[in-house]
Each structure stands twice: as C-alpha cells, then as structure tokens.
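Reading the structure
So the chains spell out like this:
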Amino acid sequence: MKKTIISVLAALMMMLSATSCSDNWLSLSDPNQESSDTFWKTEDQFQQGLYAGYATLRRPGVFSRWFHMLMILRSDEGWSNSPNAEFQAVANFRMTGFGYEGNESVNLPWKECSQMIYYVNQVVDNVNDHGYDVMDKETADGILGQAYFLRGLAFWYIAGTYGNYPRQISSVADGEILNQEGLYRQALADFDAASKVLPKSWPASEAGRPTLGGALGMMARCNMQLAGICKRPWENRLAEATEFWTAAKKNIEDVFALNIYSLVPEWLDNFTESNENNSESLVEINFKNGLVDGKEVGNQRAKFLGLYISSGEGAWDDGSARDWLLDEFDKERDKDGNMDLRKRYTLIWNDPTDNTNYYGKTYAEWNDSEHFLKKCYWRKYTSIDTDNLPEDYASGTNFRLLRLADVYLMYAEVLNELGTDRATAVEYINKVRRRVNMSDLNVSMFNDYETLKEQLRHERLVELCGECTRWNDLDRWGDIHTQEGVNKLAERDADFKSFKVGQTYLYLIPEHEIALFPGLKQNPGY
C-alpha cells in the first residue's frame, strides 16, 4: 500500500511539472460524475433527488418488511417460533441474548431511514437555496412538500422504534440528539411544513405521492402519540396532553373539511392489488412485483406473515397471529347473525364452514398433509385475495399506511379523551361498523370515558388488525408503561412476560452508530 501511494505521488509530481500555471486541471470535474456544483440545476434533477428518497420506502428496513415485523411482533397481535432466531428475539423482547450487531431488524431500519433523511435533506436544502429560481412555484412547492413529508415519515418511524436519534434536518450537519418526544415533535414539524405546500391531490398517474390530507393525518398521529407520552406515569403532564389531543382534533377535522375521502364499499379493497390508492387511502406505499433496474421493489410482507406450507406455495410464517385474536372477532356477530367478515379476511384458521381456495386447496385439504399446529395464521395482505398464486418473495400489493377508517377511530378516541362530545365519537365508530354490517352502538351506553375507551380498543383491533397500528396504540394508551398493564398483556401474549417496563418500549440502537454521533447512548436495558 505504501509503495502504491508513493508511485501515485510521483506520477502526480511529473504531471504538475509538465503543466503551466494557467492550466487549472486540478479544479476540473469528472465529466462522468455529478457533483453538487453540476447537479440541482434543473427540475428533472430535483425530481431525481426526490426519487432517491422514495426508493428507500420500498427497502426491507422500511415498509417492505421490517416495519411490519417490528410493529406486529412486538405488539400483542403477533409472535414467532421461526427457525430464524432473529424474529423470535424481536417478538419476545430478548434481544440482549442475541448477536444483534449483524441483526437486520436492528440495523436496516436505522440505516435506511437515515438514508431517506439524507437524500431528502439535500432536496430541502437545495429547493430552499435556489429551487424557486429554477422551477415555478407550484412545482417547487410540490417537491419541497414531498421531501418534508418523507423526512417526517422517517422521523415518525424512528420515534416509535428507537426513540433516540440525531436531529438531522440539514444535509451538511448533524443536530442534537432527540429523545422519543423530540423525534415525534420533529416529525410533526415536518408534516406541518409539508401540509403548507402539498396539493390536495395529484393526477391519477402520480397516485401514491403524499398529499395535504396525508400530511394532516400524520400530524394527527404524531399529536396523539405526544399526548400519550404526556400521560405516561412518570410524565403526568395532563394539561399538555390536552393541548395535543386538541391539536389532533383540529388536524382530523381539517382532513374531513377537504371532502375528498370516503370509505370504500368493499372493506377488502384496502388489502389487495385491486382498487389501490382509492378514496379511503390517505397515505399509501406503492409497490410493484418483479425487478426494476435489477432491484426488488415489491412488498415482502406476505412471504413473512402468512400460512406456512412446506411445499412452498404459502408463506414462511416468520411472524404468526396470536390465538386470542380469534376470540376478539367473535365478541360480536353482524346484524344478520353472521361472523364479522373482517375476521374471515384477516386470519386463516380451522373453520369447518370455510371452503376458501388457499393456493389450490382448502384449509382442510392442506391440513391433511401439513397438520397445522397453530390456531391461526395471517391472511390480510397475502396473495390469496388478489390472484391466489403462490407467495413470491415480494408482491405488488401496496401498503396502506393510513386510511380513513383509522382516522374515524382516531377522531373517536380524541373526542373521548377531550370528553366534550362522546355522542359524535360513537357516530364515527358506527360509520366504520356500518360498512361491515355491524349493528350501531347505542350512544347512551357509552357516555363515560372508560366504557368508550374499552370499546375503542375492540374497534381498533377488529378493523385494523395486522396493519401495524397496534404497537403505537399500546404505547399511546399506556398499556406498556405500567407493570399492571404489561401483566394484563402477558395473559394473552406470553412474550410480554419478558418485557421490562421503562426499557423495552424502545428498540436497541445499532452499536456501531453510537460512536458516530456524540451524545447518542444505547437505550436502557441493552
């Protein structure tokens, strides 16, 4: 190596001696490489910079795989007995006994969210610096709004996972280390900035880009999580919590005022490749089956969360559904005395009345050879309800990150927390129930906080089961912040027996990252 360096230096000196003072070749740019001096000059280049941020959404550490695994397995909806110890460690909160420095679940979300932030920070910095000179205002606003939104998504994901991260809002410098509350506040600020410049909608050919409604919906989510933080036993900042609930109420009412969203008639349309980016979707991550430019751009969820079939037609079942979910769906029948249809399309189980074709056979026919040992498996987001073809490593089914039914239930929760209009809260719950033929709740039975909150727990479970909302619900409701709450969770999810209050609500930070950011420390318990 030393010999090589000397040879290079010698060659460089020879070139210098043969060059006149007027030859400024040392300052010339490589014509085959872009630099900050040659890039960010046209609208197309700004769009390319933005696309780099979008590309991270479909990577395994973000919404293709690990977001689903982290949010479902750590909640009381999921568990794992995968032969891959990594998935079990995520589910049972025992990461300290696992060699986690090379663990994908630890490293990829951090790495790929960091990449997203870095990419869009370049967009933000350059649009604010000179983008409005290069592009018309509408175009520059749209690009800037999308960049803010993507950065907000990254901070929101990091907040609910790691809870500590540097405030990176510049492409050339790191900010101070933010705790979980600070990260949610930063995400909120980014979504707020996005809401000021994003359009209400995009042309159909651009469906899936963030919109004003999506930004408002994510602001509501952040405000609600911040309210939950203020209500934690060691915080007890109830007046501040009320401010966040009030802000979330305003965010949601602003979504309603747009008058462009509605529940789709068919509940199942929210989880298949049919009717994607529909009237119910506020935030949607677009996926495509196959390769684009040699890279995987599909949704890997269905291969990891679904019915295991040894011959390969189904999923690997690295993340399974908890048995108690079956009972939760059975708490009510619909108006005609039938099973809640959401149960049928969320889970797969041994039901003698089920004649569904699962990858070529009924459950009973598969069971003759497979001898299924689990009471239930995930069905939602699998190919069963799209084309019923064997599960590939990735699918083209979009992930609906935020949909109107969720917003309706969020609104009901906010109204219950504020205690100002529980009749309206019940009506918004009933809007969700009517679509699936469930009877209306009687308003007079839900005029106190605890009764309505308990009903909301049920409603959010049966409507949103397996949609990666449950972990944040448990956090916001405080269930994982008291030993009493954790003990109750452990009654239906044995993994919570190893949950440590005040510690394991945050995931561990990759060790090699800690040395890169002064002030960043490993989360307690790891």
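Structure: see above.
Residues numbered from 1 in each chain as written. Predicted model: local features only at pLDDT ≥ 70, side-chain atom pairs only at ≥ 80, totals over all residues. Heavy atoms only, no water.

1. Here we look at the packing of helix α15 (residues 404-418) against helix α16 (residues 422-435)
As a reminder, the rule being used: Lines fitted to C-alpha atoms define the axes here, with helix axes fitted over just the stretch in contact, and angles between the N-to-C directions of these axes take values from 0 to 180 degrees. Numbered from the N terminus, helices here are DSSP runs of H or I no shorter than four residues, and strands are runs of E no shorter than two. Orientation is classified from the angle alone, with under 35 degrees giving roughly parallel, over 145 giving roughly antiparallel, 65 to 115 giving roughly perpendicular, and any other angle giving oblique. It is the rotation of the near helix from the far one that decides the hand of a crossing: anticlockwise by less than a right angle makes it left-handed, clockwise makes it right-handed. In this analysis, two residues are considered to be in contact whenever any of their non-hydrogen atoms come within 4.5 Å of each other. Residue polarity is assigned by list, with Asp, Glu, Lys and Arg as charged and Ala, Val, Leu, Ile, Met, Phe, Trp, Tyr, Cys and Pro as nonpolar; anything else, Gly included, falls into the polar class.
Relative to each other, α15 and α16 sit at 160 degrees, their axes nearing to 8 Å. In terms of their interaxial angle, α15 and α16 are classed as roughly antiparallel. The way α15 lies across α16 gives a crossing that is left-handed. The segment α15 lies against α16, with A405, Y408, L409, Y411, A412, L415 and N416 engaging R422, T424, A425, Y428, I429, K431, V432 and R435. Looking at side-chain class alone, the contact of α15 with α16 contains ten nonpolar, two polar and three charged residues.

2. Quick word on the nonpolar core
Heads up, the condition is: Here the nonpolar core consists of buried residues drawn from Ala, Val, Leu, Ile, Met, Phe, Trp, Tyr and Cys, with membership extended through side-chain atoms lying within 4.5 Å. Note on classification: 1.4 Å probe, protein chains only; a residue is buried when its accessible area is under 20% of the maximum for its type, exposed when over 50%, partly exposed between these limits.
F63, W156 and F496 are the most contacted members of the largest nonpolar core, which has 140 residues in total. In terms of residue count, helix α7 (residues 137-161) provides more of this core than any other element does, 14 residues in total. Grouped together as the second largest cluster of nonpolar side chains are ten residues, L307, Y359, F372 and I384 included.

3. Some thoughts on the pattern of salt bridges
Close approach of charged atoms allows side chains with opposite charge to pair. Operational definition: Think of a salt bridge as a Lys or Arg side-chain nitrogen and an Asp or Glu carboxyl oxygen that are within 4 Å of each other.
One pass over the full model with this rule turns up 44 salt bridges. Where E181 meets R185, a salt bridge forms, and the shortest distance between an N and an O atom there is 3.1 Å. Of the two residues, E181 and R185 are both situated in helix α8 (residues 180-195); the distance of four residues between them amounts to about one turn of the helix. E181 is the salt-bridge partner of R237, the closest N and O atoms lying 2.6 Å from each other. Within this pair, whereas R237 is found in the loop between α9 (212-230) and α10 (238-258), its partner E181 is found in helix α8, the two being separated by 56 residues in sequence. Judged by its relative accessible area of 23%, R237 falls in the partly exposed class. The network of salt bridges with shared partners includes E280, D340, R342, K380, R403, R435, E463 and E467.

4. Some remarks on helix α17 (residues 449-464)
For clarity, the threshold we go by: The length a helix should cover is 1.5 Å for every residue beyond the first. Under this definition, polar contacts are N or O atom pairs within 3.5 Å; protein pairs additionally need one hydrogen-donor-capable and one acceptor-capable atom, and for neighbouring residues in sequence, both atoms have to be side-chain atoms.
Between its first and last C-alpha, α17 extends 22 Å over 16 residues, near the 22 Å set by a 1.5 Å rise per residue. Among the 16 residues in α17, twelve count as buried, and that is most of the element. For α17, the set of buried residues is L452, K453, Q455, L456, R457, H458, E459, R460, L461, V462, E463 and L464. Where α17 is buried, its residues meet α12 (324-329), α13 (341-346), β10 (399-403), α15, α16 and α18 (470-477). By the N-cap criterion, in which a side-chain oxygen at the helix start approaches the backbone nitrogen of a residue two or three places on, α17 is capped by D448, the distance to E450 being 3.4 Å. The first or second residue beyond α17 is G466, which carries a positive phi of 80 degrees.

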